[in-house]
Amino acid sequence: MSYEYKNVNISVFKQLTRDKFALIALVVLGVIYFSLLFADFIAPYSKDFSDRNQSYAPPSKIFTINEEGKLSRPYTYNYKREFDPEAMQVDYKLDRSEKYYLKFFIRGERYKFLGLIPSSRHLVGVVGDEKNSLSSSGGRLYLLGTDINGRDVFSRILFGGRISMTIGFLALLVLFPIGLLYGGVSGYFGGKTDMLMMRFAEAVMSIPSFYLLIILAAILPSNMTSIQRFMLIVLILALIGWAGFARVVRGMVLSIKSQEFVQAAQSIGASRLRIIIKHILPQTTSYVIVAMTLSVPSYILSESGLSFLGLGIQQPDASWGNMLKEAQEYINILYRPWLLTPGFLIFVAVLSFNLIGDTIRDVLDPKSRMR
């Protein structure tokens, strides 16, 4: 049996690499998680950087042709903030008095690489004509513009993505062990035990999860830190989502427990808990892999929705949900479209997870494999 499932796992990997949509999704998610892992190095600024004089500054324009029409190493100009009395609005115009050249592996704000190694190198920044330090150049590089507080959107996307893209996996670490063991015990024992356990699981499933999240998030103390809120949201999502997973596992265990290898374990005196954990639950691996892949997008959307409503991660800490909140005003949608970038990334990440999950489900479906 283990040999069969080993072959199944190999076929899953091969199919993922052969399916062009699944392969693209894998590459996209790989790029996203790689960027989030090295966010401190890739981001031009730290998560606490702010320049209030550059509120809603547009993305920096990168030039490769100089005034004489010749090729030049990439450079940009700072933005100069001006008030237009006729339109009654603030405009940003290029200040062409000084060029700022792009430079890779530049020194800038200090941070700890991977949270351990002190460093001040950033992937890209700008320097003046005779300067080699990001902090002393006076230049500003906004790859995706700034928000209302003058914070670099690109840098905050990287730091905020760490929360939005990891919450699903953290919830699964709590949810799946509970669901697997609960469903395994219920299906193996059967009878009244099964009936009582399933009625309780169905009661949990009947709770409107998103509205419960809103209620619980709304009554949380206002002095809680974003990390505390984050961990509490993870716990709430896990405690709501285990019931549906346990119910499916229970149905699979009902069909598995009558097979010969289970009867053989019973005949040699193996304990019930050992039979469930060591012999029955490993046979649900295929379903667990599919369920995990398809569950992550729902948790990403749940966290983003709560943060968008102001009930999740709080400012000044970033997540893709609370960053997207600024784009809900139609003026920002029309004149500051760079604020929609977090929403686009949520869409891409959820779509990628769904494409991978659908491919894995097709591979592990016996009828699909026969076809």
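Calculation criteria
- Residues numbered from 1 in each chain as written.
- Predicted model: local features only at pLDDT ≥ 70, side-chain atom pairs only at ≥ 80, totals over all residues.
- Heavy atoms only, no water.
- Helix = DSSP H or I, 4+ residues; strand = E, 2+ residues; numbered from the N terminus.
- Phe/Tyr/Trp six-rings, centres within 6.5 Å; stacked < 30°, edge-to-face > 60°.
- Buried < 20%, exposed > 50% of the residue type's maximum accessible area, 1.4 Å probe, protein only.
- Pairing = 2+ DSSP bridges.
- Patch = residues over 30% accessible without salt bridge, like charges linked within 9 Å, V, L, I, M, F, W, Y side chains within 5 Å.
- Areas by Shrake-Rupley, 256 points an atom, 1.4 Å probe, with all protein chains shown as cover.
- Salt bridge = Lys/Arg side-chain N within 4 Å of Asp/Glu carboxyl O.
- Lys, Arg positive; Asp, Glu negative; His and termini not counted.
- Charge placed at Lys NZ, Arg CZ, Asp CG, Glu CD.
- 1 Å grid on protein atoms, 1.4 Å probe; cavity = no way out; pocket = protein on both sides within 12 Å on 5 of 7 lines; lining within 4 Å.
- Points joined across faces, edges and corners; volume = space filled by probe spheres on them.
- Nonpolar A, V, L, I, M, F, W, Y, C, P; charged D, E, K, R; others polar.

Participant: Tell me about unusual backbone geometry, residues and numbers included.
Facilitator: The residue Tyr56 is not glycine, and still its phi comes out positive at about 60°. Note that Tyr56 resides in the loop between helix H3 (39-42) and strand S1 (63-65). A positive phi is found at Phe105, a non-glycine position, where the angle reads about 55°. Among the structural elements, Phe105 can be located in strand S3 (residues 89-113).

Participant: Could you give me a rundown of the environment of Thr17, with the residues and numbers involved?
Facilitator: With respect to the secondary-structure elements, Thr17 resides in helix H1 (residues 2-18). In sequence terms Thr17 and Tyr100 are 83 residues apart; their C-alpha atoms lie 43 Å from each other.

Participant: An account of the packing of aromatic side chains is needed here, citing residue identities and associated values.
Facilitator: Evaluation of the coordinates by the stated rule reveals 16 aromatic pairs. Ring centres of Phe41 and Phe105 lie 5.9 Å apart, and the angle between their planes is 25°; on these two criteria the pair is classed as stacked. With a gap of 64 residues between them, Phe41 in helix H3 and Phe105 in strand S3 connect regions that are remote in the sequence. Residue class for Phe41 comes out buried when judged on its relative accessible area of 18%. A relative accessible area of 49% means that Phe105 is categorised as partly exposed.

Participant: Could you give an account of the pairing of S3, with specific residues and numbers?
Facilitator: Taken together, the nine bridges between strand S2 (residues 71-84) and S3 define a ladder with antiparallel strand orientation. By the bridge assignment for S3, Glu82 is matched with Asp91. Relative to strand S4 (residues 117-127), S3 runs antiparallel, the two being bridged by nine bridges. Note on S4: the bridge partner recorded for Tyr111 is Ser119. Count of turn residues in the S3/S4 antiparallel hairpin: three residues, of which Leu114 carries a positive phi of about 60°.

Participant: Which residues make up a positive patch on the surface, and what are the values?
Facilitator: Taken together, the side chains of Arg73, Lys103, Arg107, Arg110 and Arg121 make up a positively charged region of the molecular surface. With three residues, the single largest contributor to the positive patch is S3. With respect to the secondary-structure elements, Lys103 resides in strand S3.

Participant: Could you give an account of the layout of surface pockets, naming the residues involved and the relevant values?
Facilitator: For the largest pocket, the calculated volume is near 490 Å³. As for the largest pocket, its lining consists of 22 residues, and the residues nearest its centre are Lys47, Phe159, Ile163, Asp317 and Ala318. Every element with two or more residues in the lining of the largest pocket is listed here: S3, helix H5 (153-164) and helix H9 (226-256). A total of five residues in the lining of the largest pocket trace back to one element, the largest contributor, which is H5. Looking at side-chain class alone, the lining of the largest pocket contains seven nonpolar, six polar and nine charged residues. In this model, the second largest pocket occupies a volume close to 320 Å³. The wall of the second largest pocket is formed by Ser55, Tyr56, Pro58, Arg81, Gln89, Val90, Asp91, Tyr92, Ile331, Tyr335, Arg336 and Trp338. Elements that contribute at least two residues to the lining of the second largest pocket include exactly S3 and helix H14 (330-335). Broken down by element, the lining of the second largest pocket gets its largest block of residues, four residues, from S3. Among the residues making up the lining of the second largest pocket, the classes are represented as seven nonpolar, two polar and three charged.

Participant: Describe empty space enclosed by the protein, with residues and values.
Facilitator: The full count for this structure, using the stated rule, is one cavity of 30 Å³ or more. Volume-wise, the largest cavity comes out at about 60 Å³. Residue lining of the largest cavity: Asp147, Arg151, Val153, Arg156, Gln315, Asn322, Met323, Glu326, Trp338, Leu339 and Pro342, and that is the complete set. Residue assignment for the lining of the largest cavity shows that the elements contributing at least two residues are H5 and helix H13 (320-324). Residue composition of the lining of the largest cavity, grouped by class: five nonpolar, two polar and four charged.

Keep in mind these values describe shape, not function.
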